[in-house]
Amino acid sequence: MLQWQTMESPAGASRSDARLSGLAAELTEIVGAGGVVARPGELAVYECDGWTIAKSAPDLLVLPRTTLEVSGVLAALERRGVAFVPRGAGTGLSGGCLPLHAPVMVCTSRMNHIVACDFASRRAVVESGVVNINVTNAVKSAGFFYAPDPSSQAACTIGGNIAENSSGPHTLKYGVTTNHVLGLELVLAGGEIVELGGVTEERLGYDLVGTVVGAEGTAGVVTRATLRLVREPQAYRTMLAVFADVERATAAVSATIAAGIIPGAIEMMDALIIRAVEAAFHVGFPADAGAVLIVEIDGLAAGLDERAERIARIATAAGAAEVKLARDEAERALLWKARKRAFGAVGRLAPNYATQDGVVPRTRLPDILRVITILSRKFQLAIGNVFHAGDGNIHPIVLYDERDPDQVRRAIEVGREILKACVEMGGSLTGEHGIGVEKQAEMPLLFAPEDLIVMSELRRVFDPAGRANPGKVIPTPGGCVEVAAPRRQAPL
Amino acid sequence: MNDAQSDKVENALRRLLDANRVRRPQDHEAGVAAIVAEPRDADEIAEIVRYCEAEKIALAPLGAARTLGQIRRAPTSLGVSLARMARVVSYEPEDMTVIAEAGMTLGALNSRLAGQAQRLPLDPRAPEATILGALIGAAHSGPLRHSEGTPRDLLIGIRFVGRAGRLVHGGGRVVKNVAGYDLMKVMTGSFGTIGIITETAFKLRPIPEGYTIALAPFARAADAFGRAREINDALPLVHLEVLSPAVAASVGYPGAFRLVAGFAGNARELEYQREQLGEKLAALNAVEFADGPRALEVYERVRDFEFASASLAARMAAAPAELGGSLEALGVEFLAHAGCGVAEIFTSNELDSTRAHETVSRWRSAARAARGHLRLLAAAWTIRAHVEFFDQPSAGELKLMRRLKSTFDPAGIFNPGCFVGGL
């Protein structure tokens, strides 16, 4: 009884629909001449996000400047029964803002003001189009930072982070987006503006803020958010531990955490990635290393060296050939540059690459890495691994050449096999990239039909007509994209 | 429900469960339910739910019956006790995750985890009487929320029985997971109004190597809160409380407002923080430190403080920097988590219904002025019918909440009438 298949019927208008006639002019009235893009050439830029398999440009792009404009736009769309897709910077990695069944794209990039910072209460109120790094830049001088730090943080927006419940290397210690968002201003699909949550840590009634965070834009358009600010730690110690193989490196990760140490971050790179990164950045990774760990701890300056030494001893006991401490801020920055730009470096090794995002319980890391090695041989494709080891969040990078259709087919297939293995080991389909359109077909691996029905119902609480980002997250007959090619660029 | 109806429900339930697992309520339970059933698993709960929907019988989940016992105005027909669902389903120390049935108490769970120097760092009062279902359902927290967060930050997976006896699950057993809608958030703080939680998965944290408490007396609340903010900016404290004089006296420190700051770490970290706190707190006051078992003893007394004689008790949430001023203006007794902007306040005055209503209004205005809200935790029986336990969310928010409730509980049987907006 697969009832859920019939519960989501995208309410999008088909192209050249009469409902779109005169819409551009009507929306221009609301957002001004510079706020509507209707020319196909300009719209092509918006045909995909970081997941480039399926492409579909919107019929219209709207760029509102204020919450009231968003409300006006959505009300106009409601009157015509037209669906929409919200978009931030388009750095998502699962096709979350692909306008599949929605002719209109509502982009928040012009809503990029930091509205207020309240350092005494450690809160910032920002518009949803603010770029992630700009929040930290605005509060740094007062000794604070905004903790979730996706690798795309120089481009991605807070609104996009909220949609995807994004995270980054330092979320091991500090938590993901949902742990840092206390209040939201949300425009529902009909144009109604609602305030959810606020500045306090306590929820009043149902946790609607926590429900909207990670809903992948299906609850409406988030226009403002109240964020928690975190105090900068006094000091950091960043270490590089070199291992002969990934087994020893993962053993070191488990042993560190078992010793009661929660580092700020523990990131792993395997041999393939090490060679690519070394060629690009000359970090000083030994060419024959099988795996490296970047371990960062932070906190009080007092006692930090003791903790670093303890981690070094644990890593050495687990088989590390070498443990180096970054001597200064420049060395620390170089290590993080190597990590955050590893994906770009891989671009040198093959014409194309596809990044997967899966999760396993931390202790199953050696098992999943063994499976990936076996699958790599079986499908005859090189796979590199660079990932958030502390969270068990893997990012296998499959190298291929899109000019060879058989390689493309194998790259897609191997990605699915890896995800299946993650779920079989008690893990998840996605740790931080979201389901979007990419992984809808795999949702039944993780959830029973009843669970998916409940999720559909939850979505309709916010959007009864199904006009906000239709055809995402929950599998639908019309909503799934027939995946023809794997994803390419994927800055993490 | 009259006796004849009770007998009918009792007989029907005896057909669903063994006779010895359907009983009349004991002690606190009487305020929450007229009959108590003790299912052994989620399938039995599903059968109970289907029966209750068909017969329009209201039901509420039961642990120690303390949370709902303090806020329900009248008992529901049926209490679903989770006492027989109290097992650890799986514990993976190296993954630092645990899955446990919702009837297990937080105290029992933490005793089990302590052997691995791990804990679920959620610390409402009386953990040995707080079941995990209540911990999530009421989003209980305590001093450790300052550094470790609240239930919504640590819950990674959930199972519950919803309408039509549907067995629903969300999340999983991994610490990072964005697959599907966040049903954990929907259930956290939902007070049993959507379904009955049967299983919970949590991420765990290490028990720190060393732990010390600093205590300092203050003649004025404003000074205590001001100093609390300074030390909070300077140090990664594990908890930070300001106690009003009556609360301070009841935990063994009479005579003044009391700042209580817990800090943790290795020997060097403890030494440094002790030195810093000594400097920052001692200028005006006699700062005192408690280490080791003595620190734990003080912590537990603060954590377990209960307003036994209170006629009204409430939890105020505010913008953190504005909490102290609000409390001072109200002149109430309080236990404040100063860094979080959350305080429990209470009065022991005998209140008639008019005075109770006025008191709650005054407290609520103060909370709103500090950009927050106020929820009553307990009210004496004599005034319970005359006060609103939950503050009012914004109109738009309440509309969504009503829609959520009617979607997930169309028959209106899950703990009706004691949540936000009368839901």
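Basis of the calculations
Every chain's residues receive numbers from 1 upward, in the order its sequence appears when written. Each chain is given a letter, starting from A, and each ligand a number, starting from 1, according to the order in which they appear as written. Local features in this predicted model are restricted to residues of pLDDT 70 or higher, and side-chain atom pairs are both shown and tallied only at a pLDDT of 80 or more, whereas totals for entire chains, interfaces and linings draw on every residue. The helix and strand labels rest on DSSP assignments: H or I over at least four residues marks a helix, E over at least two residues marks a strand, and numbering proceeds from the N terminus. Comment: burial labels come from other C-beta atoms within 10 Å of the residue's own C-beta, placed from the backbone, where a count of 20 or more is buried, 12 or fewer is exposed, and between is partly exposed. We call two residues in contact when the distance between their C-beta atoms, placed using the backbone, is within 7 Å. Here the rule is simple: two strands pair whenever DSSP picks up at least two bridges between them. To define axes, lines are fitted to C-alpha atoms, for helices over the stretch in contact only, and angles between the resulting N-to-C directions are given on a 0 to 180 degree scale. Domain delimitation follows an automatic or database domain assignment. By the convention adopted, Pro, Cys, Tyr, Trp, Phe, Met, Ile, Leu, Val and Ala count as nonpolar, Lys, Arg, Asp and Glu as charged, and the other residues, Gly among them, as polar. One nonpolar core equals one set of buried Ala, Val, Leu, Ile, Met, Phe, Trp, Tyr and Cys residues connected by C-beta atoms within 7 Å. Throughout, the term roughly parallel applies to angles under 35 degrees, roughly antiparallel to angles over 145, roughly perpendicular to angles from 65 to 115, and oblique to all others. The sense of a crossing depends on the near helix, which, turned anticlockwise from the far helix by less than a right angle, makes the crossing left-handed and, turned clockwise, makes it right-handed.

What about the overall build of chain A?
In step 1: What chain A contains, in helices and strands, is 16 helices and 20 strands.
In step 2: A total of 492 residues make up chain A; the buried ones form 60% of that total.
In step 3: Counted over contacts in chain A with a minimum sequence separation of 6, partners at least 24 positions apart contribute 74%.

A look at the sheet that holds strand E2 (residues 60–62) of chain A
Residues and elements named next belong to chain A.
In step 1: Overall, mixed pairing links the 4 strands, which are arranged E1-E2-E4-E3 in an open sheet. One side of each edge strand has no neighbouring strand; the edge strands of this open sheet are strand E1 (36–37) and strand E3 (84–87).
In step 2: With 4 bridges connecting them, E3 and strand E4 (residues 104–107) associate as parallel partners. Following the sheet pairing, Arg87 is matched in E4 by Cys107.
In step 3: Where helix H1 (residues 23–31) meets the sheet, it contacts E1 and E2, and its direction lies at approximately 10° from that of E2.

Observations regarding the domain arrangement of chain A
All names here are of chain A.
In step 1: Partitioning chain A into domains gives domain 1 (3–109 + 438–462), domain 2 (235–344) and domain 3 (350–424).
In step 2: The gap between the C-alpha centroids of domain 1 and domain 3 is 30 Å.
In step 3: Contacts between the two partners involve 4 residues from domain 1 and, on the opposite side, 5 residues from domain 3.
In step 4: A breakdown of the residues in the side of domain 1 that touches domain 3 according to their chemical character gives 3 nonpolar, no polar and 1 charged.

Here we look at the interface of chain B and chain A
Interfaces are frequently sized by the accessible area removed from exposure as the parts join.
In step 1: Each side of the interface is counted separately: chain B has 65 residues, and chain A has 71 residues.
In step 2: When residues of the side of chain B that touches chain A are traced back to their parent elements, those giving at least two are helix H6 (151–154), strand E9 (167–171), helix H7 (183–187), helix H10 (267–282), strand E16 (312–317), helix H12 (320–330) and helix H14 (395–408) of chain B.
In step 3: When residues of the side of chain B that touches chain A are assigned to their parent elements, the largest contribution, 7 residues, is made by H14 of chain B.
In step 4: Per-class residue counts for the side of chain B that touches chain A are 27 nonpolar, 20 polar and 18 charged.

Focus: the sheet that holds strand E6 (residues 97–101) of chain B
Residue and element names in this part refer to chain B.
In step 1: The strand order across the open sheet built from 5 strands is E5-E6-E10-E8-E9, with neighbouring strands paired in antiparallel fashion. A strand with exactly one partner marks an edge of an open sheet, and here the two such strands are strand E5 (88–92) and E9. Strand-to-strand, the axes of this sheet are offset by a mean angle of 10°, without reference to chain direction.
In step 2: Relative to strand E10 (residues 196–203), strand E8 (residues 155–161) is paired through 6 bridges, and the arrangement is antiparallel. Across the sheet, residue Arg159 finds its bridge partner in E10, namely Glu199.
In step 3: Here helix H2 (residues 42–55) sits on the sheet and contacts E8, E9 and E10; the angle it forms with E8, its principal contact strand, is near 50°.

Some thoughts on the domain arrangement of chain B
In step 1: What the domain assignment reports for chain B is domain 1 (3–81), domain 2 (88–206), domain 3 (210–304) and domain 4 (312–386).
In step 2: Relative placement of domain 2 of chain B and domain 4 of chain B: their C-alpha centres are 28 Å apart.

A short note on the environment of Val408 of chain A
In step 1: If you trace the backbone, Val408 of chain A turns up in helix H14 (residues 405–424).
In step 2: Separated by 355 residues in the primary sequence, Val408 of chain A and Ile53 of chain A have C-alpha atoms spaced 11 Å apart.

Some words on the nonpolar core
In step 1: Membership of the largest hydrophobic core comes to 292 residues, with the highest contact counts inside it found for Val62, Ala241, Val292 and Leu293 of chain A.
In step 2: The contacts of Ala241 of chain A, once residues within four sequence positions are left out, are Ala252, Val292, Leu293, Val295, Ala315, Ala320 and Val323 of chain A.

Focus on the environment of Leu109 of chain B
Residues and elements named next belong to chain B.
In step 1: Positionally, Leu109 belongs in helix H3 (residues 106–114).
In step 2: Exposure remark for Leu109: the 25 C-beta atoms within 10 Å place this residue in the buried category.
In step 3: Through-space distance from the C-alpha of Leu109 to that of Arg87 is 9.1 Å; in sequence the pair is 22 residues apart.
In step 4: Ignoring any residue separated from it by four or fewer positions in sequence, one finds Leu109 in contact with Val98, Ala100, Met104, Leu120 and Leu132.

Regarding the packing of helix H13 (residues 365–379) of chain A against H14 of chain A
Residues and elements named next belong to chain A.
In step 1: Running from N to C, H13 and H14 cross one another at 155°; their axes reach a closest spacing of 10 Å. Accordingly, the angle class assigned to the pair H13 and H14 is roughly antiparallel. Crossing geometry of H13 relative to H14 is assigned as right-handed. Within the contact between the two elements, H13 uses Ile368, Val371, Ile372, Leu375 and Phe379 and H14 uses Arg410, Glu413, Val414, Glu417, Ile418, Ala421 and Cys422.
In step 2: Of the residues contributing to the contact of H13 with H14, the split by class is 9 nonpolar, no polar and 3 charged.

Observations concerning the pairing of strand E16 (residues 352–355) of chain A
All names here are of chain A.
In step 1: Residues Asn352 and Ala354 line one face of E16 and the alternating positions Tyr353 and Thr355 line the opposite face, and both faces are buried.
In step 2: In terms of strand pairing, E16 meets strand E20 (residues 396–400) through 4 bridges, oriented antiparallel. Among the inter-strand pairings, Ala354 is bridged to a residue of E20, identified as Val398.

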